[in-house]
Number of protein chains: 6
Amino acid sequence: MERSAMSNTIYVINPNSSTTVTDAIDRALEPLRTPQGPAIACLTLPDGPAGIQSQRDVDGVIGPLLRRAGDLEEEAAAFVIACFSDPGLHALREQSRRPVFGIAEAGVLTALTLGQRFGVIAILPTSIPRHLRYFGAMGVMGRFAGDLSIGLGVAELADEARTYERMSATGRALRDAHGADVIVMGCAGMARYRRRLQDELGVPVVEPTQAATAMALGRVLLGDR
Amino acid sequence: MERSAMSNTIYVINPNSSTTVTDAIDRALEPLRTPQGPAIACLTLPDGPAGIQSQRDVDGVIGPLLRRAGDLEEEAAAFVIACFSDPGLHALREQSRRPVFGIAEAGVLTALTLGQRFGVIAILPTSIPRHLRYFGAMGVMGRFAGDLSIGLGVAELADEARTYERMSATGRALRDAHGADVIVMGCAGMARYRRRLQDELGVPVVEPTQAATAMALGRVLLGDR
Amino acid sequence: MERSAMSNTIYVINPNSSTTVTDAIDRALEPLRTPQGPAIACLTLPDGPAGIQSQRDVDGVIGPLLRRAGDLEEEAAAFVIACFSDPGLHALREQSRRPVFGIAEAGVLTALTLGQRFGVIAILPTSIPRHLRYFGAMGVMGRFAGDLSIGLGVAELADEARTYERMSATGRALRDAHGADVIVMGCAGMARYRRRLQDELGVPVVEPTQAATAMALGRVLLGDR
Amino acid sequence: MERSAMSNTIYVINPNSSTTVTDAIDRALEPLRTPQGPAIACLTLPDGPAGIQSQRDVDGVIGPLLRRAGDLEEEAAAFVIACFSDPGLHALREQSRRPVFGIAEAGVLTALTLGQRFGVIAILPTSIPRHLRYFGAMGVMGRFAGDLSIGLGVAELADEARTYERMSATGRALRDAHGADVIVMGCAGMARYRRRLQDELGVPVVEPTQAATAMALGRVLLGDR
Amino acid sequence: MERSAMSNTIYVINPNSSTTVTDAIDRALEPLRTPQGPAIACLTLPDGPAGIQSQRDVDGVIGPLLRRAGDLEEEAAAFVIACFSDPGLHALREQSRRPVFGIAEAGVLTALTLGQRFGVIAILPTSIPRHLRYFGAMGVMGRFAGDLSIGLGVAELADEARTYERMSATGRALRDAHGADVIVMGCAGMARYRRRLQDELGVPVVEPTQAATAMALGRVLLGDR
Amino acid sequence: MERSAMSNTIYVINPNSSTTVTDAIDRALEPLRTPQGPAIACLTLPDGPAGIQSQRDVDGVIGPLLRRAGDLEEEAAAFVIACFSDPGLHALREQSRRPVFGIAEAGVLTALTLGQRFGVIAILPTSIPRHLRYFGAMGVMGRFAGDLSIGLGVAELADEARTYERMSATGRALRDAHGADVIVMGCAGMARYRRRLQDELGVPVVEPTQAATAMALGRVLLGDR
């Protein structure tokens, strides 16, 4: 895991093809850029689907993602996979000599430092069984409060008023009926709502791309010391 | 899930390219073929790797597997994915209107009817974390005794004497040091050793392709009644 | 577990004394009968209570059930215990050289292949702690969504309209408030409602006697190969 | 649960027919007898087997045990079922208006106040899966270190030297290889070895009949206040 | 753990400074006092806060509590820490040669003998994450139904009508919406409401100071035999 | 959680009184210091014990630690508690408006991104039950491989050769006999051995003070955006 002078960029790969989402991620990560720290570059995967909603979408982006990351290996200090299903996380960990983070894994682990039971705001109901399988694989179901969807696809997230209204209602349900004392936003495209939602709900709200990139930054700075 | 007269074949897809493995599976499933029951056809995925050993291998066969299954949808009564990492299981469940079984899932669930704590014989040490994530996702770690590898790749399984010797030693370790009272063979290519291993160990040994195809047969016969 | 030519019948033993229930089970299992496969014979236990509702009922039928199964041992290819408390499951496994299945165990394990979180429709509230102890023993509480009762005893199930109305309401509560994406009917006497309930709820509904007998059929066909 | 002046005896029922075991239990409970507290009467179940070793034995004593307890209901202040499989525990709780304790349940719960991970010394290997199902039903597998058998049937416990030697070796294995910091003796017939074993192992050793009767005593004294 | 003739008192230490609470505990424990059994002395910790509500309160009383218990070591037969956060439980177990019980641990373990899923009535919402951490450390989350607060601080418990009304509503919610079939009162200051609440709810209600002192009594009577 | 220009220091508090340990921590954190990022100041708690080994030590440092942190509140950007028992973690989270990290929590969560099952190298055997309670409270026992001690007190860690030899043997046992694929060093005083141990074992080794301070750095940079 030795990092040469060349490999000084944390690559945050948005595996869908939406540059709007990538741009929002880029803005959310701005505070993690420091003068002498690693660069943070956010990339869109042009081969990816418009939004990653089904298991097929998740599995289908792994190949392109591994190829893209392979091309970046030498310049990379670390990789962040910016989709809440963490597609290709373990395959990229096999392939790369760099640290690799998934935003679902990092978002949930970060939530565990902020509350005792985490709730997740999903986009679509079909995401929920997939999330549950993943939380089971992570072994964190003992800290799980609930996972509720806002019932909107990635494309529909463009309607900000409706999206926020649903996120707010879903967050309140997680807090009040499911006992969540920390909320994880279950999609890379929700960053802009974090602060407002946290203020309204009165419990911490984790934006998972920030959580993963923050962990990546720490790992890169530490190198292998 | 209505099945037409046409769709009367259980397709067992070996996602690696080894026809030797496929042939062995085919023999192992012979007892499940009945005169008026569904046909059972075992297929090799020519696009697949020689053996599925890494997470990259697992993820990489999903696309070809989904395409192959898609082509077979109309004739299919059910699908069985014959690799112990269950590649594409949930994506194929999304894609197909037929019942879909994975051999790891079915093998472990079947083992739960035969003993209180299941042990798994893996091929390579690198498979073990992947298995553990999967058993966690299945929520069955409370019944898990251990997962030990024989340290041989799929290709090396051709040396039968060495393979059996390692399986036997591994099975004894699972039984004696880890408390397993039922063993699951963690690879589709081990079917020929099942009976001998069971006789030697004195505890039930599950061949997962048989387990999955038996579940598929039941589901097909029941239709949606 | 060698099976002679004589031992070619799967005995499905309804441990209560209701032939109405036995007849309904018999009809539900019809699709599993194949020309050259094993016979499937459904028996009523005349010594059993009218309905098995209390723990005392469960424990009380074990002796008669073991005796009846003992008498059938030579002709049996397998046994299915058709009561959702799986009375005598482990004692019969000790006693018999044949495969033995319980409908609760098989129903729940089958549900695990159809959804991520299973809900159970119980008959009476007093069944629920018993079910929970059993699911705990099975180690599957990590996949458990909820267990709700329809508040009707076995005898009251005769009123079909009321029974279905309650099952439907209970199923909706399991799906909507408890997050179940697969439902297990927690009584052998509910088979006739499976299809209708599944169509209404839009999630798979498992009839556990079918699930157990399908597993038994697979095991019998495989023999000990 | 109001207790009349008449009902002032804690009945400790040994469900096997060995008066030697009952006498040993009686001696072990002597310290719990106090001048104005409830009487503690230890009974043998003459209909019971010589030793309760199989699941069939466990299930088979429930009927006689319930009848015996039924006869004693009016005089009883509480019941203790003195067999480590807790036969009939929940059925007797249904039947009786008195508090009912099982020695496995009480022994393990008491162990949870004395160490972080409990180990169990079983008599025969066949007991172990039954114990594991029970600890699973109790939901305490997260505190479980191991369950190892001394490989002696109830009858063979008469050879004290051999029995102690095996208990000592088993206890050391639980402590050193499995990480147990408290040991539960998994049979009602081991009381005489408790003190010596505890002194040798240097970790607390729980005699489960004492544990259960102590809990019963507390409940009786508190009445329903 | 040998106990001299001198060490014949179970010390129940209320670590807050409220003698009202101590007096209520004292009354609740009256039935556990027997003529020749150990004395039971209830003490107030004058250095303690008026009520133990925050984690800081919990941690802050440990030092004074250990000192007080140290002074009492020779006369003590056992110690009970009478605050539902069990402050100093493990430190006192290290320090003292006597048995030490915490009321949360003992209350929950006792509840496990009375129902399959326990609910907890907390005083303040801020107690709940602390309780959950503790139940997680105890390994009993598999039996946990819910933990709901009445929203009153220790001081506000003086208003009996309001307190009972809230306890009753909370208990009904635990029973009906969370599936609790046994309730633990999550504060040492609720003893007076136990019987009434149990009668109203129709499920057992555990007063944890009684539960812990009953366990202490049993341990003291048994000595180290 | 708004951070003024003044509050720009991450305070890493070593709650024992050993400046040797503090100095080693300070060196281990050097890579996390960046020109415009927050300062990282490592402090010794002069009131703390020479080493924190018992539960009493853990509980005893909470008061001094809270006072010290209280004095630093205005200048603090975040706090790290640099003792593997995370003393006062939740009390300081209550008290402070700044992010607070414990090294055990952060070390284990970081390990979950590096392997599937974590092993812990403890200093003394008495630490292990305390660790297990904590991992239970964290809800991560499903990912736990083992916790073994080197049998040396904090003072004895000064003998580097012996300490490393024991750490190496313990690490190999965790990897080979317990199946750990990532190791967490269970003491703040082991930082100097991390790299060497990782190279020898061939699995990632987490130094928990680095892990916690890296998480703190990320949180501070993100502020509350």
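Everything numeric here is computed off the predicted structure, so don't read it as measured data.

**Observations regarding the overall build of chain A**
Then step 1. Counting secondary structure elements, chain A contains nine helices and eight strands.
Then step 2. Its C-alpha atoms give chain A a radius of gyration of 17 Å, within 12% of the compact-globule value 17 Å for 225 residues.
Then step 3. Taking the principal axes of the C-alpha coordinates as reference, chain A spans close to 50 × 35 × 30 Å.
Then step 4. Across the 225 residues of chain A, 67% fall into the buried class.
Then step 5. In chain A, the proportion of contacts linking residues at least 24 apart, taken out of those at least 6 apart, comes to 68%.
Then step 6. Of the roughly 7400 Å² of accessible surface on chain A, 50% is carried by carbon and sulfur atoms.
Then step 7. A distance of 3 Å separates the average location of the 23 positive side-chain charges in chain A from that of its 25 negative side-chain charges.

**Comments concerning helix α8 (residues 194-201) of chain C**
Residues and elements named next belong to chain C.
Then step 1. Along α8, the residues that are buried comprise R194, L197, Q198 and L201. In a view along the axis of α8, the buried residues occupy a sector of 100°, so they form one face of it. Exposed residues pointing more than 90 degrees away from the buried face of α8 are listed as R196 and D199.
Then step 2. Contacts from the buried residues of α8 go to β5 (118-122), α7 (160-176), β7 (182-185), β8 (205-206) and α9 (208-222).

**Digging into the state of the cysteines**
Then step 1. Tallying each qualifying case throughout the model produces zero disulfides over all chains.
Then step 2. Here A:C187 is not disulfide-linked; the sulfur of A:C83 is the nearest cysteine sulfur, at 7.6 Å.
Then step 3. When its relative accessible area of 9% is taken as the criterion, A:C187 is described as buried.
Then step 4. C:C42 forms no disulfide, and the closest cysteine sulfur to it belongs to C:C83, at a distance of 15 Å.
Then step 5. By relative accessible area, C:C42 is classed as buried at 17%.

**Comments concerning the relation of the copies chain F and chain A**
Then step 1. Mapping chain F onto chain A leaves a residual RMSD of 0.0 Å; the transformation is a rotation of 180° accompanied by 0.0 Å of translation along its axis. In the structure described here, the two chain copies are related by an operation that fits a two-fold rotation axis.
Then step 2. The overlap is high: 100% of the interface residues of chain F also sit at the interface in chain A, so the same surface is used on both sides.

**Quick word on the packing of aromatic side chains**
Then step 1. Taken as a whole and judged by the stated rule, the model has 30 aromatic pairs over all chains.
Then step 2. Plain terms: the ring middles of D:F118 and D:F144 are 5.8 Å apart, the flat faces sit at 70° to each other, and that makes the pair edge-to-face. Of this pair, D:F118 sits in strand β5 (residues 118-122) while D:F144 sits in strand β6 (residues 144-149), placing them 26 residues apart in sequence.
Then step 3. Relative accessible area serves as the criterion here: at 10%, D:F144 is assigned to the buried category.
Then step 4. Ring geometry for E:F135 and E:F144: centres 5.9 Å apart, planes at 45°, overall tilted.
Then step 5. E:F135 sits in the buried class, given a relative accessible area of 1%.
Then step 6. Taken together, the ring pairs connect A:F118, A:F135 and A:F144 into an aromatic cluster.
Then step 7. Across from the ring centre of A:Y164, 3.6 Å away, lies the NZ or CZ of A:R196, which sits over that ring.

**Re the interface of chain F and chain A**
Then step 1. Counting residues at the interface gives 34 residues for chain F, matched by 34 residues for chain A.
Then step 2. For the chain F and chain A pair, buried surface summed over both sides reaches about 3100 Å², with 57% attributable to carbon and sulfur atoms.
Then step 3. Linking chain F with chain A are zero salt bridges, by the criterion used here.
Then step 4. For the interface between chain F and chain A, the tally reads eight residue pairs in polar contact (both at pLDDT 80 or more).
Then step 5. Sorting the residues of the side of chain F that touches chain A by element identifies α5 (103-111), α6 (127-138), α8 (194-201) and α9 (208-222) of chain F as the ones contributing at least two each.

**A word on the pairing of strand β2 (residues 39-44) of chain E**
All names here are of chain E.
Then step 1. Direction of pairing for strand β1 (residues 9-14) relative to β2: parallel, over a ladder of six bridges. For N14, the partnering residue across the bridge sits in β2 and is T44.
Then step 2. Of the crossover connections in this fold, the one passing from β1 over helix α1 (residues 19-29) to the parallel β2 is right-handed.

**A look at the sheet that holds strand β1 (residues 9-14) of chain A**
All names here are of chain A.
Then step 1. Read across the open sheet, the four strands follow the order β2-β1-β3-β4; overall the sheet is parallel. Where the open sheet ends on each side, the last strands, each with one partner, are β2 (39-44) and β4 (100-102). With direction set aside, neighbouring strand axes in the sheet form an average angle of 20°.
Then step 2. Sitting on the sheet, helix α1 (residues 19-29) is in contact with β1 and β2, with an inclination near 165° to β2.

**Some points on the sheet that holds strand β1 (residues 9-14) of chain F**
Residues and elements named next belong to chain F.
Then step 1. Spatial ordering of the open sheet is given by β2-β1-β3-β4, a layout of four strands whose pairing is parallel. A single partner strand is all that each edge strand has here, and the edge strands are β2 (39-44) and β4 (100-102). Adjacent strand axes in the sheet meet at a mean angle of 20°, parallel and antiparallel pairs treated alike.
Then step 2. Judged from the five bridges that link them, β1 and strand β3 (residues 76-81) form a sheet pairing that is parallel.

**Points about the domain arrangement of chain A**
Residue and element names in this part refer to chain A.
Then step 1. The domains assigned to chain A are domain 1 (9-102 + 210-222) and domain 2 (105-207).
Then step 2. In this structure, domain 1 and domain 2 have C-alpha centres spaced 20 Å apart.
Then step 3. Counting residues at the interface gives 21 residues for domain 1 and 27 residues for domain 2.
Then step 4. Both faces combined, the contact of domain 1 with domain 2 buries some 1700 Å², and carbon together with sulfur accounts for 55% of it.

**Details of the confidence of the model for chain A**
Then step 1. Across chain A, the average pLDDT comes to 94, with 97% of residues at 70 or higher.
Then step 2. Here the prediction assigns the complex a pTM of 0.96, and the interface score ipTM is 0.96.

**Regarding the packing of helix α1 (residues 19-29) of chain F against α9(F)**
All names here are of chain F.
Then step 1. In contact at an axis separation of 10 Å, α1 and α9 are set at 55° when each is read in the N-to-C sense. Comparing their axes, α9 and α1 come out oblique. Seen along the crossing, α1 lies across α9 with a hand that is right-handed. Between α1 and α9, the residues in contact are I25, A28 and L29 and T209, Q210 and T213, respectively.

**Observations regarding unusual backbone geometry**
Then step 1. Residue D:D86 is not a glycine yet carries a positive backbone phi of 45°.
Then step 2. Within the secondary structure, D:D86 is located in the loop between β3 (76-81) and α4 (89-95).

**Brief notes about the arrangement of the chains**
Then step 1. With no contact formed, the shortest span from any C-alpha in chain A to any C-alpha in chain D equals 11 Å.
Then step 2. Between chain B and chain E there is no contact, and the shortest C-alpha to C-alpha separation is 11 Å.

**Side note on the layout of surface pockets**
Residue and element names in this part refer to chain C.
Then step 1. There is about 380 Å³ of room inside the second largest pocket.
Then step 2. Taken together, 28 residues make up the lining of the second largest pocket; nearest its centre are N16, V21, V154, L157 and C187.
Then step 3. Within the residue set of the lining of the second largest pocket, elements represented by two or more residues are α1 (19-29) and α6 (127-138).
Then step 4. When grouped by side-chain class, the residues that make up the lining of the second largest pocket number 15 nonpolar, eleven polar and two charged.
Then step 5. Taken together, domain 1 (9-102 + 210-222) and domain 2 (105-208) each give at least three residues to the lining of the second largest pocket, which thus spans both.

**Things to note about the environment of A:E74**
Residue and element names in this part refer to chain A.
Then step 1. Relative to the assigned elements, E74 resides in the loop between α3 (62-72) and β3 (76-81).
Then step 2. Of the residues examined, E74 reaches a relative accessible area of 47% and is grouped as partly exposed.
Then step 3. Taking C-alpha positions, E74 is 19 Å from L45, a pair spaced 29 residues apart along the chain.
Then step 4. There is a polar contact of 2.9 Å between the side chain of E74 and the side chain of R97.

**A short note on the pairing of β3(D)**
Residue and element names in this part refer to chain D.
Then step 1. Buried residues dominate β3, accounting for six of its six residues.
Then step 2. Here β3 runs beside strand β4 (residues 100-102); their pairing, made up of three bridges, is parallel. Counted as the bridge partner of I81 is G102 from β4.

Basis of the calculations
- Residues numbered from 1 in each chain as written.
- Chains lettered and ligands numbered in written order.
- Predicted model: local features only at pLDDT ≥ 70, side-chain atom pairs only at ≥ 80, totals over all residues.
- Heavy atoms only, no water.
- Helix = DSSP H or I, 4+ residues; strand = E, 2+ residues; numbered from the N terminus.
- Rg over C-alpha atoms; globule rule 2.2 N^0.38 Å.
- Buried < 20%, exposed > 50% of the residue type's maximum accessible area, 1.4 Å probe, protein only.
- Contact = heavy atoms within 4.5 Å.
- Areas by Shrake-Rupley, 256 points an atom, 1.4 Å probe, with all protein chains shown as cover.
- Lys, Arg positive; Asp, Glu negative; His and termini not counted.
- Charge placed at Lys NZ, Arg CZ, Asp CG, Glu CD.
- Arc of directions from axis to C-beta.
- Disulfide = S-S within 2.5 Å.
- Least-squares fit on C-alpha atoms with pLDDT ≥ 70 in both.
- Phe/Tyr/Trp six-rings, centres within 6.5 Å; stacked < 30°, edge-to-face > 60°.
- Lys NZ or Arg CZ within 6 Å of the ring centre and 35° of its normal.
- Buried area = accessible area lost by both parts, 1.4 Å probe.
- Salt bridge = Lys/Arg side-chain N within 4 Å of Asp/Glu carboxyl O.
- Polar contact = N/O pair within 3.5 Å; in protein donor to acceptor, adjacent residues only side chain to side chain.
- Pairing = 2+ DSSP bridges.
- Right-handed = clockwise from strand over helix to strand, strands pointing away.
- Axes fitted to C-alpha atoms, helices over the stretch in contact; angles between N-to-C directions.
- Domains from an automatic or database assignment.
- pLDDT = per-residue confidence, 0-100.
- Parallel < 35°, antiparallel > 145°, perpendicular 65-115°, else oblique.
- Left-handed = near helix turned anticlockwise from the far one by under 90°.
- 1 Å grid on protein atoms, 1.4 Å probe; cavity = no way out; pocket = protein on both sides within 12 Å on 5 of 7 lines; lining within 4 Å.
- Points joined across faces, edges and corners; volume = space filled by probe spheres on them.
- Nonpolar A, V, L, I, M, F, W, Y, C, P; charged D, E, K, R; others polar.

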